Amino acid sequence: MKRVLSLLLAVFMFVNLANAQQDPKAGKILDQMSQKYRSMKAFKATFAQTLENPSAKVKETMEGDILVSGPKYRLAVSGQEIISDGKLMWTYLKEVNEVTITETDAEAEAMAPSKIFDMYKKGYKYAYAGSEKQGADTFDVIELAPEDRSNPIFKVRLYINQKDKSLKSWQMFRNNGNRYTYTIKNFQANPELASDAFSFNKAKYKGVQVVDLR
C-alpha cells in the first residue's frame, strides 16, 4: 500500500510540475505578438470563421468584420452584431430587428475577440508546436491548454507570422468535437473611430425592439 501511495504521490508531483512549466520559446513569441497588438490604439479586420465537426460531418464557413480597441469590440457576422464596451453587451439580430442588452460576464469576456492576444498570460499552459509554411510565409505554431480542466475549450492553436509577429489564424478545440478556425483576411491598424463605435446607437436601427436584461 505504501508503495502504491508513493507512486501516486510521485505521479501527482510530476503532473503539477509539468503544469507549472512553460515553454520559453513559445513565451517569447507570444510576448512579441501580444506587444504588437497592444501597441495599437485600435484595429479592424475582416475574417473567416469555419466550424468543423468531423464526427457529425459538419463544416460551415462564414465571414465577418471585427473592430477592437482595448477591451471594447464590435463584431458583425452572419446577420448578427455583438457590441461590447467592456461593461455592457448589445446583441443585435438583423432578421428580427431586435437588440438584447446584458452585462458582460466572465465567460463572455474570456472569449472576447480582444482577449485572444493576451489569453496565454493567465490560466493557460503554452508550448511551441513547430513551424508551418503557408504560401510565401512561415508561421510559428503555438498551442495553449487551459489549466482548468472543466474549460469546454481544451486546446487553442495559434499561427503567428515569423516575419512580423502578426496573428494570421487560430483554432479552438471544444470538448463536444467542434473545432472553430478563425482566419484574418484584411487588417488595418489604428483606424478612425466613430464616437458610438462601441455602443448601440438605436437611432441607426429604425423600429428596433430593445430587450433589456440588465
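A short tour of the structure in this document, coming up. Here the structure is a predicted model, which is why all the values come from computation and not from measurement. (Residues numbered from 1 in each chain as written. Predicted model: local features only at pLDDT ≥ 70, side-chain atom pairs only at ≥ 80, totals over all residues. Heavy atoms only, no water.)

1. Observations regarding the pairing of strand β5 (residues 88–93)
Then, number 1: Across five bridges, the pairing between strand β4 (residues 80–84) and β5 is antiparallel. Opposite isoleucine 83, over in β5, you have tryptophan 90 as the bridge partner.
Then, number 2: Joining the antiparallel neighbours β4 and β5 is a turn of three residues, in which glycine 86 adopts a positive phi near 95°.
Then, number 3: As paired elements, β5 and strand β6 (residues 98–103) share six bridges and run antiparallel to each other. Across the sheet, tryptophan 90 pairs through a bridge with isoleucine 101, a residue of β6.
Then, number 4: Counting the residues in the hairpin turn of β5 and β6 gives four residues, including asparagine 97, whose phi is positive at 50°. (Pairing = 2+ DSSP bridges. Helix = DSSP H or I, 4+ residues; strand = E, 2+ residues; numbered from the N terminus.)

2. Let's talk about the pattern of salt bridges
Then, number 1: In total, this model carries eight salt bridges according to the counting rule given.
Then, number 2: Of the charged contacts, one joins lysine 121 and aspartate 118 as a salt bridge, the two residues approaching to 3.3 Å between their closest N and O atoms.
Then, number 3: Under the relative-accessibility criterion, lysine 121 is labelled partly exposed at 48%.
Then, number 4: Where lysine 204 meets aspartate 196, a salt bridge forms, and the shortest distance between an N and an O atom there is 3.1 Å.
Then, number 5: Residue classification places lysine 204 among the exposed positions, given a relative accessible area of 59%.
Then, number 6: Given the relative accessible area of 15%, aspartate 196 is considered buried.
Then, number 7: In this structure, a network of salt bridges that share partners links the residues Arg38, Asp118 and Lys121. (Salt bridge = Lys/Arg side-chain N within 4 Å of Asp/Glu carboxyl O. Buried < 20%, exposed > 50% of the residue type's maximum accessible area, 1.4 Å probe, protein only.)

3. Digging into the environment of serine 69
Then, number 1: Mapped onto the secondary structure, serine 69 falls in strand β2 (residues 58–69).
Then, number 2: Distance in space between the C-alpha atoms of serine 69 and asparagine 190 is 8.9 Å, their sequence separation being 121 residues.
Then, number 3: The contact partners of serine 69, leaving out residues within four places of it in the chain, are Lys41, Ala42, Leu193 and Phe198. (Contact = heavy atoms within 4.5 Å.)

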